[in-house]
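Fold and geometry: a report
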Amino acid sequence: GAVVSQHPSRVICKSGTSVKIECRSLDFQATTMFWYRQFPKQSLMLMATSNEGSKATYEQGVEKDKFLINHASLTLSTLTVTSAHPEDSSFYICSARGRGRAYEQYFGPGTRLTVT
Amino acid sequence: AQKVTQAQTEISVVEKEDVTLDCVYETRDTTYYLFWYKQPPSGELVFLIRRNSFDEQNEISGRYSWNFQKSTSSFNFTITASQVVDSAVYFCALSPFETSGSRLTFGEGTQLTVNP
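These figures come from a predicted structure and were not determined experimentally.

Turning our attention to the nonpolar core. With 26 residues, the main nonpolar core has F67(A), L79(A) and L113(A) as its most contacted residues. The set of elements that each furnish at least two residues to this core consists of β2 (10-13), β3 (19-25), β4 (30-38), β5 (44-51), β7 (67-73), β8 (76-81), β9 (90-98) and β11 (111-115) of chain A. Non-local contacts of L113(A), meaning those with residues more than four positions away in its chain, are made with V11(A), C13(A), V19(A), V81(A), D88(A), S89(A), S90(A) and Y92(A). I11(B), Y64(B), F77(B) and L112(B) belong to the second-largest nonpolar core, a separate cluster that totals 24 residues.

So this is what it looks like as structure tokens:
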């Protein structure tokens, strides 16, 4: 099956700094990538949907200026958490969908962000 | 609007018992996809099954089986002869049947603990 990687798998940063998370599709072209956020013992909440070469579509309540998403190529999307605060500590998961396969979403292994 | 309800927050069984995880969904779409994912402690989502709404045949895969009943909007998941390795959080999810923007709506998840 298709493989999606995320880097880093874990990151600890200080409050006020920014952190970038990368999501890569390794063996297919991802026309659409999704970013989810998961708090402990909770479900996955969709943050934004990004299509290659266009601006991301954010879900209601997600701050665009805080969570910057870039989908510059068909194999890479990045999520930058700007001016991170402890309440941004969470598990961030990306998924990717290939061209012509609308129902297939391949998930990355997730990135655990801890803001101190 | 789409909604997925997994009423069982936590289930605990003893190894070799059968266990059924319930999933009820709401959607106005006439065609859609239903999914089950497993999330072990490592955090990575593991895809288990996808079912489209016009295929109500039940499916069996090894110890796993799924019962899809459109009349009751349910898509239940049964593990037969459970094993300790089945311990994980299981998510049921729903997405529209369309060629683009196939966003997933997740249920709250069911934490399954299989004790030896």
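Residue and element names in this part refer to chain B. Taken as a whole and judged by the stated rule, the model has 19 aromatic pairs over all chains. With a centroid separation of 5.9 Å and 45 degrees between ring planes, the pair formed by Y37 and F106 is classed as tilted. Of the two residues, Y37 sits in strand β5 (residues 32-39) while F106 sits in strand β11 (residues 105-106), which places them 69 residues apart along the sequence. By relative accessible area, Y37 is classed as buried at 1%. Relative accessible area serves as the criterion here: at 7%, F106 is assigned to the buried category. With 5.2 Å between their ring centres and 85 degrees between their planes, Y64 and F77 make a pair best called edge-to-face. Residue Y64 is located in strand β8 (residues 64-69), and its partner F77 is located in strand β9 (residues 74-79); the two are separated by 13 residues in the primary sequence. You'll find Y64 and F77 in the same group, each marked buried.

Right, let's talk about the environment of R24(A) for a bit. Residues and elements named next belong to chain A. Its place among the elements puts R24 in strand β3. Take R24: its relative accessible area is 34%, and that puts it in the partly exposed class. Contacts of R24, omitting those with residues within four sequence positions, involve V3, V4, S5, M33, T75 and L76.

With that settled, the discussion passes to the interface of chain A and chain B. Across the boundary between the two partners, chain A contributes 18 residues, which contact 20 residues of chain B. Of the roughly 1600 Å² buried between chain A and chain B on both sides combined, carbon and sulfur atoms contribute 51%. Between E59(A) and R103(B) there is a salt bridge, with the nearest N and O atoms lying 2.8 Å from each other. Residue composition of the side of chain A that touches chain B, grouped by class: 10 nonpolar, 5 polar and 3 charged.

Quick notes on the rules
- Residues numbered from 1 in each chain as written.
- Chains lettered and ligands numbered in written order.
- Predicted model: local features only at pLDDT ≥ 70, side-chain atom pairs only at ≥ 80, totals over all residues.
- Heavy atoms only, no water.
- Core = buried A, V, L, I, M, F, W, Y, C linked by side-chain atoms within 4.5 Å.
- Buried < 20%, exposed > 50% of the residue type's maximum accessible area, 1.4 Å probe, protein only.
- Helix = DSSP H or I, 4+ residues; strand = E, 2+ residues; numbered from the N terminus.
- Contact = heavy atoms within 4.5 Å.
- Phe/Tyr/Trp six-rings, centres within 6.5 Å; stacked < 30°, edge-to-face > 60°.
- Buried area = accessible area lost by both parts, 1.4 Å probe.
- Salt bridge = Lys/Arg side-chain N within 4 Å of Asp/Glu carboxyl O.
- Nonpolar A, V, L, I, M, F, W, Y, C, P; charged D, E, K, R; others polar.

Spatial relationships are all this shows, so hold off on functional conclusions.
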